[in-house]
Amino acid sequence: MDNSRVEEVLNAVAGYLNVRIDQLPVAASAPEYIAEKAVPIAFWAVDLGVFVHVGDQPNVIAGPDTTKLLTSDVESLLGGKLYVDPNPATAVQKMLAVIDAKRSALGI
Amino acid sequence: MEEKDQQDLWEELLAKFKSGKINRRELLRAASAVGMTAAALKLISLIETGRLSGPIASAASIPTKRGAYTVDPVTAALIKQAQKLKIELVWDRYLLKERNSRLEPTYATCINCQQGPCRKVNHGTCGMDADGIVSRNLLRETAAGTAAHLGHARRVATILKRVGDGSLTSAYSIKDEAKLNLIYDGLGLSGATTPKQMAREVGEATLGDLTRLEGTPSWLTYKANQERQNRWADLNQGKQNTTPINILPVGGAPEVQEGMHMATMGVNGDYVNFILRCARLGLVDAYCGMHAASGMQDALFGTPSLISAKSNLSVIDPDQINLAIHGHVPLLAEKIVEKANEYNDDPSHTTKINVVGFCCTGNELLMRHGVDIAGDYLQQELAIVTGALEAMVVDVQCVMPSLADVAKSFHTKIITTDPIGKQEAESPVQHIEFNPLDPNLTDAGIESVAKQIVDTAVANRANRDASKVFGDLKRPLRSEMEPSDLVAGFSTEQIVGALDAVNYSKGPIGLLVDKVKSGEIRGIAAVVGCVTPRDVYGYRTVEIVKGLIQNNVLVAITGCTAIVAAHHGLLKPDPTYPGIGSKLKGVLKAIADANGLTAQNLGVPACLHMGS
């Protein structure tokens, strides 16, 4: 429920800078998601334009087009996308790379 | 070949492959001999690209180490105790089940109609292809998750409305009138002159959002920024010659209904359409569910502010009467805490009640009252294994049906409360109903349920078998069994308030933005969600949080993720800022200084616990 509070902070920062949320150097991670409730939350974060790491894939890999849509193509529609990685070390590196890329795009 | 033998052979091959004893070619040759080439290819690719973890152990032992990571000593000790007592835990079941289902995620499986089940196929009987099957399954999962959050918001809105219309006058009240005012204005309401009128109208507006058949939910218009609202109204915005794609939802219940409609046999065959529906339900979940529930709970019970407490199973104290509260909706939990405090205030009661929290109801009580948090989803069975838990009261969501089985070996009572959240009625389970949706619910009824629960825990203390109390919990605790110190209460208001104390010329958000610009804060990450039995307990969460804060990324954390991070000291207000990147440390220290924390030998953690 209180994940909603995170959006309040993101909106305040995006509003102050007059940029979109997907331009901010932010990322989300659900390293150990298991509940159904986590799935709409992940979609909402993607809707907001946030890069979302999940530690387990939703059960979609049998569908190659679905997998590609969720982990890549959806970004052009909404600004966010999913990234699946059970390995915390590489997930951290990937999140840092996303944050750094957004920083340089903002010129900071 | 027998199914079981095949599984065993497969296990053996995979283990050899993972440990490098055989190479890809040898694995494939062996897999081909048992007709599993396709599965082997898929698994090799998944393991090699790190998208699927391989086997981690046999069911005989629950792993507590991975690389340099070790499970916290309190949980490790209780897992050992459970094994000694031959109590089956969530990890045992996972490891047993995993042997038989590791290939499952690589199949497109549909069990929705009577032409099937259809699995391991490219097309179902109806002709749905693999993408259609998996994206439709995901829509069902999304609709279910959304329904749970809507159910939570509905319960809170109903109580808020009833506080407002005067049909409940004493059991609940408005604790944060300023927040209620903000919400009232934010939802575009006007004309009310008293907090009660506002409460009724906010409750009604929220229930209206849950059932709205046209227009946009008022909570979405209030909370989402305009740029996003425009985008959701047309995802093809600005593109020539395209049909507008609108994912702006109407009301909560109609959206879940249409989502489930879409997921029934023979409606939609376009995977993109399924996934866009999931994206739409994400908005329903956030604005009709999460934002609404969170805001109304603040109005009813207070907006969280900085508060300290302790975490982990060793907050269960054998010298007291231990009552655990578990679930997600804090309506009854608030009343139980009140009743327990009344009991404890009576000097004739020499043995006091120790209320401890689990999961998100636990997080709610932690954020607003500093109630110690005993554990997360994976630890709920271990609370009973302590042998010192008089009762565990549950509301809805994330409650393991195994609790009753574990409780059979001890004196613990499992008390279910919500009419949709019952367990099989055997001796350890007792249902004491609290139904926030019942229009006949009265103040007296609410008080009596809360008191009955507290009385049940108190009376059950006499049934405790001292010989079953886990010895390592006896006070004084050995240092490794001590619970962890933590601070929580980082609502948006508290974060802004803490930044404001720095008195920066550009204001609190200006300060945050400038620290991000300067690179002192490299970025912000929200680490959220559950704890999984698929890996060593806490490994992924703890390692990710550590990696982020070491690299100067400020972390906002919620839910079970926050609880396991707390067990590892990551929410501790440590003035030495261990493991935190030097730039981020400087920012945190400046905030701690400005808020008078450094003077009390405290720091601000790099991991801000924002709640449930």
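Quick caveat, the model's predicted, so the values are computed rather than measured.

1. Points about the overall build of chain B
Helix and strand counts for chain B come out as 22 helices and 13 strands. In terms of C-alpha radius of gyration, chain B reaches 26 Å, essentially the compact-globule figure of 25 Å for 612 residues. Along the longest, intermediate and shortest principal axes, the C-alpha atoms of chain B span 75 × 70 × 55 Å. Residues classed as buried in chain B amount to 58% of the 612 residues present. Taking as baseline every contact in chain B between residues at least 6 positions apart, the subset at least 24 positions apart corresponds to 71%. In the structure as shown, chain B presents an accessible area of about 23,800 Å², 51% of it carried by carbon and sulfur atoms. In chain B, which carries 63 positive and 66 negative side-chain charges, the distance between the mean positions of the two groups comes to 6 Å.

2. Section: the packing of helix H4 (residues 88–106) of chain A against helix H20 (residues 539–550) of chain B
Here H4 of chain A crosses H20 of chain B at 40 degrees, and the two axes come no closer than 9 Å. When the axes of H4 of chain A and H20 of chain B are compared, the pair comes out oblique. For the crossing formed where H4 of chain A meets H20 of chain B, the hand is right-handed. Touching Pro88, Ala91, Val92 and Met95 of chain A of H4 of chain A are Tyr539, Arg540, Glu543, Ile544, Gly547 and Leu548 of chain B, all from H20 of chain B. Tallied by class, residues from the contact of H4 of chain A with H20 of chain B come to seven nonpolar, one polar and two charged.

3. A word on the interface of chain B and chain A
How big an interface is tends to be stated in terms of the accessible area lost upon association of its parts. Contacts between chain B and chain A engage 101 residues on the former and 68 residues on the latter. Buried surface at the junction of chain B and chain A, both sides included, amounts to about 7,200 Å², of which 63% is carbon and sulfur. When the buried surface of chain B facing chain A is broken down by residue, Met290, Arg522 and Arg540 of chain B rank first, second and third, together holding 9% of it. At the boundary of chain B and chain A, one finds six salt bridges. The partner of aspartate 56 of chain A in a salt bridge is arginine 540 of chain B, and the shortest N-O contact between them spans 3.0 Å. For the pair chain B and chain A, the number of links is 35 residue pairs in polar contact (both at pLDDT 80 or more). When residues in the side of chain B that touches chain A are grouped by element, the largest group, 18 residues, is from helix H12 (residues 271–301) of chain B.

4. Here we look at the pattern of salt bridges
All names here are of chain B. Applying the stated criterion across every chain yields a total of 38 salt bridges over all chains. Lysine 339 is the partner of glutamate 447 in a salt bridge, and the nearest nitrogen-oxygen pair spans 2.4 Å. Note that glutamate 447 is positioned in helix H17 (residues 443–460) and lysine 339 in helix H13 (residues 331–345), a separation of 108 residues in sequence. A salt bridge links arginine 540 to aspartate 535, with the shortest nitrogen-to-oxygen separation between them at 2.8 Å.

5. Section: unusual backbone geometry
Most peptide bonds adopt trans geometry, and most residues besides glycine take a negative phi value. All names here are of chain B. Here the residue pair glycine 116 and proline 117 is connected by a cis peptide bond, since its omega of 0 degrees sits within 30 degrees of zero. Inspection of the secondary structure puts proline 117 in the loop between helix H5 (90–101) and helix H6 (130–165). The omega torsion across arginine 475 and proline 476 is -5 degrees, close enough to zero to call that bond cis. Turning to its location among the elements, proline 476 is positioned in the loop between H17 and strand E10 (484–488). Phi is positive for asparagine 241, close to 50 degrees, though the residue is something other than glycine. Locating asparagine 241 in the fold gives a position in the loop between helix H10 (226–233) and helix H11 (252–262). Residue asparagine 241 is classed as exposed on the basis of its relative accessible area of 81%. Non-glycine residue tyrosine 577 carries a positive phi angle of around 50 degrees. Mapped onto the fold, tyrosine 577 is located in the loop between helix H21 (559–567) and helix H22 (582–594).

6. Considering the packing of aromatic side chains
Residue and element names in this part refer to chain B. The full count for this structure, using the stated rule, is six aromatic pairs over all chains. A ring pair is formed by tyrosine 69 and tyrosine 539, whose centres lie 5.7 Å apart and whose planes are at 70 degrees; its orientation type is edge-to-face. Of this pair, tyrosine 69 sits in strand E2 (residues 69–70) while tyrosine 539 is found in helix H20, placing the two residues 470 residues apart along the sequence. Each member of the pair tyrosine 69 and tyrosine 539 is classed as buried. When the ring centre of tyrosine 172 is taken as origin, the NZ or CZ atom of lysine 335, which lies over that ring, is 5.8 Å away.

7. A word on the environment of isoleucine 563 of chain B
All names here are of chain B. By the element assignment, isoleucine 563 lies in helix H21. Look at isoleucine 563 and you get buried, because its relative accessible area is 1%. In this structure, the C-alpha to C-alpha distance between isoleucine 563 and phenylalanine 358, residues 205 residues apart in sequence, is 8.9 Å. The residues contacting isoleucine 563, other than those within four sequence positions of it, are Ser311, Cys359, Asn363, Ile373, Gly375, Asp376 and Gln379.

8. Concerning helix H1 (residues 3–17) of chain A
Residue and element names in this part refer to chain A. Helix length check: H1, at 15 residues, gives a terminal C-alpha distance of 22 Å against a target of 21 Å (1.5 Å per residue), a fit within 8%. Regarding H1, the residues found buried are Asn3, Ser4, Arg5, Val6, Glu7, Val9, Leu10, Asn11, Val13 and Ala14. Immediately downstream of H1, the backbone of asparagine 18 shows phi near 55 degrees, a positive value.

9. Some details on the sheet that holds strand E12 (residues 553–558) of chain B
The parallel open sheet is built from six strands, whose spatial order is E3(A)-E2(A)-E1(A)-E11(B)-E12(B)-E13(B). A single partner strand is all that each edge strand has here, and the edge strands are strand E3 (81–84) of chain A together with strand E13 (607–611) of chain B. Pairs of neighbouring strands in the sheet enclose a mean axial angle of 25 degrees, with direction left out of account. Relative to E13 of chain B, E12 of chain B runs parallel, the two sharing four bridges.

10. Concerning the side chain of glutamate 255 of chain B
Residue and element names in this part refer to chain B. Within the element layout of this structure, glutamate 255 appears in helix H11. When its relative accessible area of 1% is taken as the criterion, glutamate 255 is described as buried. Sequence-distant contacts of glutamate 255, defined by excluding residues within four places in its chain, comprise Pro249, Val250, Arg277, Arg280, Leu281 and Val284.

11. Concerning the pairing of strand E1 (residues 26–30) of chain A
Counted residue by residue, E1 of chain A has five buried out of five residues, so it is predominantly covered. One ladder, built from four bridges, connects E1 of chain A with strand E11 (residues 523–527) of chain B; its direction is parallel. Residue pairing across strands places serine 29 of chain A opposite valine 527 of chain B, the latter belonging to E11 of chain B. In the sheet, E1 of chain A pairs with strand E2 (residues 51–54) of chain A via three bridges, with the strands oriented parallel. Bridge pairing links alanine 28 of chain A to valine 52 of chain A in E2 of chain A. The parallel pair E1 of chain A and E2 of chain A is bridged by helix H2 (residues 38–48) of chain A, and the resulting crossover is right-handed.

So, how was this worked out
- Residues numbered from 1 in each chain as written.
- Chains lettered and ligands numbered in written order.
- Predicted model: local features only at pLDDT ≥ 70, side-chain atom pairs only at ≥ 80, totals over all residues.
- Heavy atoms only, no water.
- Helix = DSSP H or I, 4+ residues; strand = E, 2+ residues; numbered from the N terminus.
- Rg over C-alpha atoms; globule rule 2.2 N^0.38 Å.
- Buried < 20%, exposed > 50% of the residue type's maximum accessible area, 1.4 Å probe, protein only.
- Contact = heavy atoms within 4.5 Å.
- Areas by Shrake-Rupley, 256 points an atom, 1.4 Å probe, with all protein chains shown as cover.
- Lys, Arg positive; Asp, Glu negative; His and termini not counted.
- Charge placed at Lys NZ, Arg CZ, Asp CG, Glu CD.
- Axes fitted to C-alpha atoms, helices over the stretch in contact; angles between N-to-C directions.
- Parallel < 35°, antiparallel > 145°, perpendicular 65-115°, else oblique.
- Left-handed = near helix turned anticlockwise from the far one by under 90°.
- Nonpolar A, V, L, I, M, F, W, Y, C, P; charged D, E, K, R; others polar.
- Buried area = accessible area lost by both parts, 1.4 Å probe.
- Salt bridge = Lys/Arg side-chain N within 4 Å of Asp/Glu carboxyl O.
- Polar contact = N/O pair within 3.5 Å; in protein donor to acceptor, adjacent residues only side chain to side chain.
- Phe/Tyr/Trp six-rings, centres within 6.5 Å; stacked < 30°, edge-to-face > 60°.
- Lys NZ or Arg CZ within 6 Å of the ring centre and 35° of its normal.
- Expected span 1.5 Å × (residues − 1).
- Pairing = 2+ DSSP bridges.
- Right-handed = clockwise from strand over helix to strand, strands pointing away.

Fair warning: the whole summary comes from geometry, so function is off the table for now.
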